[in-house]
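Tertiary structure, described
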Amino acid sequence: MEKAYEPYVDRLIELAIAEDIGDGDHTSLSSIPADRRGRMKLLIKQAGVLAGVEVAERVFRRLDPTVAFERILNDGDRVEPGQIAFYVEGNLISLLQAERVILNLMQRMSGVATQTAVYADRLRGLKTKVLDTRKTTPGMRMLEKMAVRIGGGENHRIGLFDMILLKDNHIDFAGGIENALRGAREYLAEKQKDLKIEIEVRSLNDIDRVFAAGGADRIMFDNFTIEQTREGVARVAGRAETESSGGITLENLRDYAECGVDYVSVGALTHQIKSLDMSLKAVEA
């Protein structure tokens with residue numbers, strides 16, 4: 001797991017455990033001896049791309065540092081029903097307390113990874129990469145961003161802090177493309193920050209205005225048609241990275257990519273997904 005993700009993931013795990021256990025797992029505490037150890041397995045019940053194995057081990061070790069975790073499959077593996085992703089052995093009450101937290105996280109992450117893989121496969125053979133967006137589940141962003149990468153996509157940006165992205169509202173409130181770009185450059189110089197600047201354009205003429213105002217690191221074509229995108233790439237002529245956004249579907253994804261854009265951003269990678277079915281089952285001694 002990348003270090004940048006770790007603090008967010010650890011806080012999410014703490015919250016997930018706290019909201020599930022509350023003042024105690026009274027079902028397990030009332031029916032299982034406190035010192036009983038046991039073994040469980042993660043059973044895959046639906047085809048897709050596996051994600052969250054590393055996170056699952058982190059949850060188990062948070063609840064039981066003595067746990068023995070045997071990884072059979074890895075994040076990014078294509079899986080089929082009936083496969084076992086891992087075995088885990090430890091304090092039985094801790095395993096039961098981890099069960100729902102792990103399934104909630106892994107099923108969601110695997111759903112995102114599976115969805116992303118469908119889009120990434122559609123771009124096979126082209127230079128274009130599929131990007132996620134900030135359309136994520138509150139609190140789950142880091143895990144969903146991790147899952148996108150596991151599925152073969154790339155992260156656009158994590159949040160508002162790691163790139164300047166001048167979108168339509170920023171441009172309109174700033175008084176135009178020129179003012180927005182000037183303000184971004186002055187801000188970065190004043191704060192001594194090294195961030196890329198991306199700007200959204202809504203017409204082909206906007207592209208010319210961007211370069212007349214000094215250019216940007218990346219230009220986002222917002223809701224361009226295929227024809228406009230092809231012309232937009234020609235106008236940029238390699239002077240900046242290019243990205244298509246808005247109205248991108250699985251059906252037209254490759255058409256946009258074949259226009260020569262570097263990136264295509266798709267909100268559906270994280271906000272229109274179906275969780276992958278799996279379960280944690282007891283392993284008989």
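Residues numbered from 1 in each chain as written. Predicted model: local features only at pLDDT ≥ 70, side-chain atom pairs only at ≥ 80, totals over all residues. Heavy atoms only, no water.

Considering helix H8 (residues 204-212)
Stated formally: Only protein chains enter the area calculation, which uses a 1.4 Å probe; residues under 20% of their type maximum are buried, those over 50% are exposed, and those in between are partly exposed. In this text, helices come from DSSP runs of H or I with a minimum length of four residues, and strands from runs of E with a minimum of two, each type numbered from the N-terminal end. Note that the arc is defined by the directions from the helix axis to the C-beta atoms. In this description, contact between two residues means that some pair of their heavy atoms is separated by no more than 4.5 Å.
Listing the buried residues of H8 in full gives Leu-204, Asp-206, Ile-207, Val-210 and Phe-211. Down the axis of H8, the sector holding all buried residues measures 150°, keeping them to one side. Summarising the geometry of H8, the exposed residues directed more than 90 degrees from the buried face are Asn-205 and Ala-212. Looking at the buried side of H8, the elements it contacts are helix H7 (177-191), strand E8 (197-201), strand E9 (218-222) and helix H9 (226-236). Immediately downstream of H8, the backbone of Gly-214 shows phi near 110°, a positive value.

Things to note about the packing of aromatic side chains
What counts is decided by this rule: Only Phe, Tyr and Trp rings are paired, with Trp represented by its six-membered ring, and only when their centres lie within 6.5 Å; those with planes under 30 degrees apart are stacked, over 60 edge-to-face, the remainder tilted.
Scanning the model with the defined rule gives four aromatic pairs in all. Ring centres of Phe-69 and Phe-86 lie 4.7 Å apart, and the angle between their planes is 35°; this geometry places the pair in the tilted category. Here Phe-69 is found in strand E3 (residues 68-71), whereas its partner Phe-86 is found in strand E5 (residues 84-91), with 17 residues between them in sequence. Each of the two residues, Phe-69 as well as Phe-86, counts as buried. Cluster of aromatic residues (ring-pair linked, three or more members): Phe-60, Phe-69 and Phe-86.

Structural notes on the environment of Gly-267
Within the secondary structure, Gly-267 sits in the loop between strand E11 (263-265) and helix H11 (268-271). When its relative accessible area of 12% is taken as the criterion, Gly-267 is described as buried. Beyond its immediate stretch of four places on either side in the chain, Gly-267 contacts Thr-133 and Lys-135.

Looking at helix H5 (residues 141-150)
Buried residues dominate H5, accounting for seven of its ten residues. Every buried residue belonging to H5 is among Met-142, Leu-143, Glu-144, Lys-145, Met-146, Ala-147 and Val-148, and all of these are buried. At the exit of H5 stands Gly-152, carrying a positive phi of roughly 105°.

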